[in-house]
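One-letter residues, chain by chain:
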Amino acid sequence: METTFKVYRFDPENGRKPDFATYTVDLPDSATVMDGLRHIRDELDPSLAFRASCDRGSCGDCALRINKKGKLGCTLQIAKTVKDGVVKVEPIRNIPVLKDLVYDMETFLWQKIKSVKPWITPREPEPDGEYIVAEEKLLEVRKAMSCVMCGLCDEGCVVIKIDKKFVGPAALTKAYRAVFDPRDGEHEHNERLTLVSEPGGVWDCTHCFEANGHCPLGLEPTTRLFEVRDEAIRRGIRSGTKNPKVQRHYDSFVNSVKRSGWLDEGRLAIESEGLTNIAGLAKLLPTVLRALPKGKAPLPYLHPKRPGTQAIRRIIEKAQRREV
Amino acid sequence: MKYAFYPGCVSRGACPELYSSSVKVTEKLGIEIQEVVDVGCTGAGVLSRDLSDPINARTLAKVEAMGLSSLMTICSTCQGIFTQANHRFKNEPEYREKINKEYLAEEGLEYKGTVEVKHFLWVLMEDYGMENLKPHIKRKLTGLKVAPFYGCYIRRPTSIMAPKGLLGRKTYLEDLIELIGAEPVDSSGKSKCCGFPILTVNEDNSMRMVSDHTGDAKNKGADCMVTPCPLCHLNLDANQPNAEKKANTQIGMPIIHLPQLLGLAFGFDEKEMELQRHIVSTEPISRQLEVSIRS
């Protein structure tokens, strides 16, 4: 099949702006995008640089943006992606590019993965023999273990797009792998959960589920992230040490639903800032003053109770007693 | 068909115009709704699922007790949380039974897993049908350029929000905009997050999302944006002045709720749809409506 490859080219040493080079390749229908790139490098243009390793979808090295979608080049057949005879290949987004299709994973992913301490510190005392773990307790953990760290979930993340400090779904999937491993030590477990609850961690996620759609292995990173957050809440960790506003927000939300069955929006805004935080409360004023004349600023603490509030409060209190 | 109606906290709080316009439009269309009042907040993705799943199971059990099998929402966030929870209840019977036993039995309730939760947008497109909507259109909103803004909760996770067989859900807003004679404007962020969920946690990021989305719609020539989610509405409308300030720019993009847009085409005037309640002036919409009436 004859295909036109439009490939992103950038060389920091030649001083030119990035552009796209066009190559025509003729390969069998079964050929993958990586086959196409290798053909270009071997037969047409040896200066083309790209990352590749396993060629079977298990190392994550060849994560690329192919026809505007984040994909692993080695598992994507040209025939499956070609559009009007063209395959456009670019580096993934939100990442510093070193040369052509080679990008720098250090700040994009490796540092973030290290920051969540993605290793297990075994529970004490150590058993005499090996740790015996029930198979069913590891089923979900195994899924997270199979993450190949390609970074495609981070590539599609709407928060990382605007804030490179956000730790992102890939690192939090690695955190999940350690958090839900039953061999993980109690102290380290809580320490890791506090770590991922700090600014730039789980609470900075918008819950938009973009990451689930971007993972080539179907590991559902957003779902993992939610589970890490819920495990932290279960352990009484509702924020990190540096973002107490998050805990105030969570507690106010819970208390509001407990008190009236539904959300007291005014109370939530005030209590999230903190009742004695004059500067924070003053910051709310312009928004409130704009909303008041329009009848869009519900009065806090005067929130009417919904019928059924008592039953809802009972449910919340019971669920809270089950938290660790 | 009769629907149990779950308006959600925001349409009863900071977006009362969504509640009233939804009631007026459903009445006009002859869609029978019965509000389920003695139920709780979905948790909006803030509450841990340990807390919100039993509360949502209780709501669905209440719908069953009303003898109904469909629950209509008017909030994408409520819809998303309900769909995800209901997916667990329907596909994990042991989990559902555990919740029934531990939380609902005391009240004599049981959720059997029979309820379908549908956003108003889905009800219109999948149950009511575009052909049946046509006779209700009293004035075509010709010339009005409308950028659809789905937000995230009504779109993802795709496997349950727009599964195979319902892939059309990805263009329902565009389909409706065209049906009422207006022109859909495609913006790059239409199915991305509006930033509301992180407003408290990271205001800078949240406001950046607002200015990006509204600014993009403006650059593409939209007169307004329409959303099926009151939380998207709150962030894009009520916080737009804050986002403008942070981005040091002026945008002035009106944001309207889906029932308001349809209501205008069904013959309600702007006051009846309570457009005057919005923070960003809806004047560009009024101007375009006058032009279309004259022509």
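Description of the structure in this document. (Residues numbered from 1 in each chain as written. Chains lettered and ligands numbered in written order. Predicted model: local features only at pLDDT ≥ 70, side-chain atom pairs only at ≥ 80, totals over all residues.)

Quick word on the interface of chain B and chain A
At the junction of the two partners, chain B supplies 42 residues and chain A supplies 46 residues. Among the elements of the structure, helix H2 (49-65), helix H9 (203-219) and helix H11 (240-247) of chain B are those that each provide at least two residues to the side of chain B that touches chain A. For the side of chain B that touches chain A, the element with the highest residue contribution is H2 of chain B, accounting for six residues. (Contact = placed C-beta atoms within 7 Å. Helix = DSSP H or I, 4+ residues; strand = E, 2+ residues; numbered from the N terminus.)

A word on H2 of chain B
Because each turn of an α-helix spans 3.6 residues, side chains separated by three or four positions in sequence point in the same direction. In a regular helix each residue adds 1.5 Å, so 17 residues correspond to 24 Å; H2 of chain B covers 23 Å between its end C-alpha atoms and thus fits that length. One or two steps after H2 of chain B, the chain reaches Gly67 of chain B, where phi turns positive at roughly 80°. (Expected span 1.5 Å × (residues − 1).)

Focus on helix H11 (residues 244-260) of chain A
Between its terminal C-alpha atoms H11 of chain A stretches 24 Å, which fits the 24 Å expected from 17 residues at 1.5 Å a residue. Looking at H11 of chain A, one finds that the buried residues are Lys245, Val246, Arg248, His249, Ser252, Phe253, Val254, Ser256, Val257 and Ser260 of chain A. Here the buried face of H11 of chain A lies against helix H12 (265-273) and helix H14 (309-322) of chain A together with H2 of chain B. Following H11 of chain A by one or two positions, Gly261 of chain A has its phi on the positive side, about 90°. (Buried ≥ 20, exposed ≤ 12 C-beta atoms within 10 Å, placed from the backbone.)

A look at the nonpolar core
Counting residues in hydrophobic clusters, the biggest one holds 175 residues, and the most contacted among them are Leu172 of chain A together with Val146 and Met225 of chain B. Setting aside its immediate chain neighbours within four residues, Met225 of chain B contacts Ala147, Phe149, Thr214, Ala217, Leu236, Met253 and Ile255 of chain B. (Core = buried A, V, L, I, M, F, W, Y, C linked by C-beta atoms within 7 Å.)

Topic: the environment of Gly113 of chain B
Residues and elements named next belong to chain B. The residue Gly113 is located in the loop between helix H4 (93-104) and strand S4 (116-119) in this model. Spatially, the C-alpha atom of Gly113 lies 8.0 Å from that of Arg96, the residues being 17 residues apart in sequence. The contact partners of Gly113, leaving out residues within four places of it in the chain, are Phe89, Lys90 and Arg96.

Some details on the sheet that holds strand S4 (residues 69-72) of chain A
All names here are of chain A. Reading across the sheet, the five strands line up as S2-S1-S5-S3-S4 and stay open at both edges, with mixed pairing between neighbours. Each edge of the open sheet carries a strand with a single partner, namely strand S2 (19-26) and S4. Sheet twist, expressed as the mean angle between neighbouring strand axes with direction ignored, is 35°. (Pairing = 2+ DSSP bridges. Axes fitted to C-alpha atoms, helices over the stretch in contact; angles between N-to-C directions.)

Section: unusual backbone geometry
When glycine is set aside, most residues are seen to have a negative phi, and most peptide bonds are trans. Of the consecutive residues Arg156 of chain B and Pro157 of chain B, the connecting peptide bond is found in the cis state with omega at 0°. By the secondary structure assignment, Pro157 of chain B is in the loop between strand S5 (145-148) and helix H7 (158-161). Even without being glycine, Lys68 of chain A reaches a positive phi, approximately 70°. Relative to the assigned elements, Lys68 of chain A resides in the loop between strand S3 (63-66) and S4. Overall, the presence of 9 C-beta atoms within 10 Å leaves Lys68 of chain A in the exposed class. Of note in the backbone geometry, Ala44 of chain B takes a positive phi value of approximately 55° without being a glycine. By secondary structure assignment, the location of Ala44 of chain B is in the loop between strand S2 (32-35) and H2.

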